[in-house]
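# A look at the structure
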Amino acid sequence: MNKKMMDILVCPIDKQFPLEIFEAESKDEIVVEGALYCNKCSRFYPIIEEIPIMLPDELRDKKQDMEFLDKNQKKLPEKIIKHAKPWHV
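Presented here is an overview of the structure given in this document. (Residues numbered from 1 in each chain as written. Predicted model: local features only at pLDDT ≥ 70, side-chain atom pairs only at ≥ 80, totals over all residues. Heavy atoms only, no water.)

### Some words on the pairing of strand 3 (residues 44–48)
Heads up, the condition is: When a residue's accessible area, from a 1.4 Å probe over protein chains only, is under 20% of the maximum for its type it is buried; when over 50% it is exposed; and in between it is partly exposed. For the purposes of this entry, the term helix denotes a DSSP run of H or I that reaches at least four residues, the term strand denotes a run of E that reaches at least two, and both are numbered from the N terminus. At least two bridges found by DSSP between two strands are what make those strands a pair.
With four of five residues buried, strand 3 is to be regarded as a mostly interior element. Relative to strand 3, strand 2 (residues 30–37) runs antiparallel, the two being bridged by five bridges. Bridge pairing in strand 3 links Ala-35 to Pro-46. In sequence, strand 2 turns back onto strand 3 through a hairpin of six residues, with Ser-42 there showing a positive phi of about 65°. Taken together, the two bridges between strand 3 and strand 4 (residues 51–52) define a ladder with antiparallel strand orientation. Note that in strand 4 the partner of Ile-48 across the bridge is Ile-51. Adjacent in sequence and paired antiparallel, strand 3 and strand 4 are bridged by two residues, among which Glu-49 carries a positive phi angle near 50°.

### With respect to the environment of Glu-49
Just so we agree on the cut-off: Here, two residues are considered to be in contact whenever any of their heavy atoms come within 4.5 Å of each other.
Tracing the chain through its elements places Glu-49 in the loop between strand 3 and strand 4. Taking C-alpha positions, Glu-49 is 5.2 Å from Val-32, a pair spaced 17 residues apart along the chain. Not counting chain neighbours up to four residues away, the residues in contact with Glu-49 comprise Val-32 and Glu-33.

### Notes on the packing of aromatic side chains
So the rule is basically this: Each Phe, Tyr or Trp ring (for Trp, its six-membered ring) is paired with any other whose centre lies within 6.5 Å, and the angle between the two planes then decides the class: stacked below 30 degrees, edge-to-face above 60, tilted in between. Definition used: whenever NZ (Lys) or CZ (Arg) falls within 6 Å of the ring centre and also within 35 degrees of the ring normal, the charge is taken to sit over that ring.
Inspection of the entire model under this criterion finds one aromatic pair. A centroid spacing of 6.1 Å and a plane angle of 10° characterise the contact between Phe-44 and Phe-68, whose relative ring orientation is stacked. In this pair, Phe-44 sits in strand 3 while Phe-68 sits in helix 1 (residues 62–71), placing the two residues 24 residues apart along the sequence. Residue classification places Phe-44 among the buried positions, given a relative accessible area of 0%. Taking the relative accessible area as the measure of exposure, Phe-68 reaches 3% and is therefore buried. Its guanidinium or amino end placed over the ring of Phe-44, Arg-60 lies 4.9 Å from that ring's centre, counting from NZ or CZ.

Take a look at the structure:
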């Protein structure tokens, strides 16, 4: 995901802007792996292979979210690993 996208991305649940970005792996202005975080609703949205996965709760893949959190637990802050939503994680 190009970091310039941060100027237009909003939380799909509550339309919060701006979102926080946490980089687990990046190259120049591209975030290869990381997470977007909404301070208002405490939801995280994974960035996987440069693509932000910004789906509402009911369309999210629990297995994918859990694998992402397990893989990045040392690279992302505690507020995402232990406290972030969606409801199914």
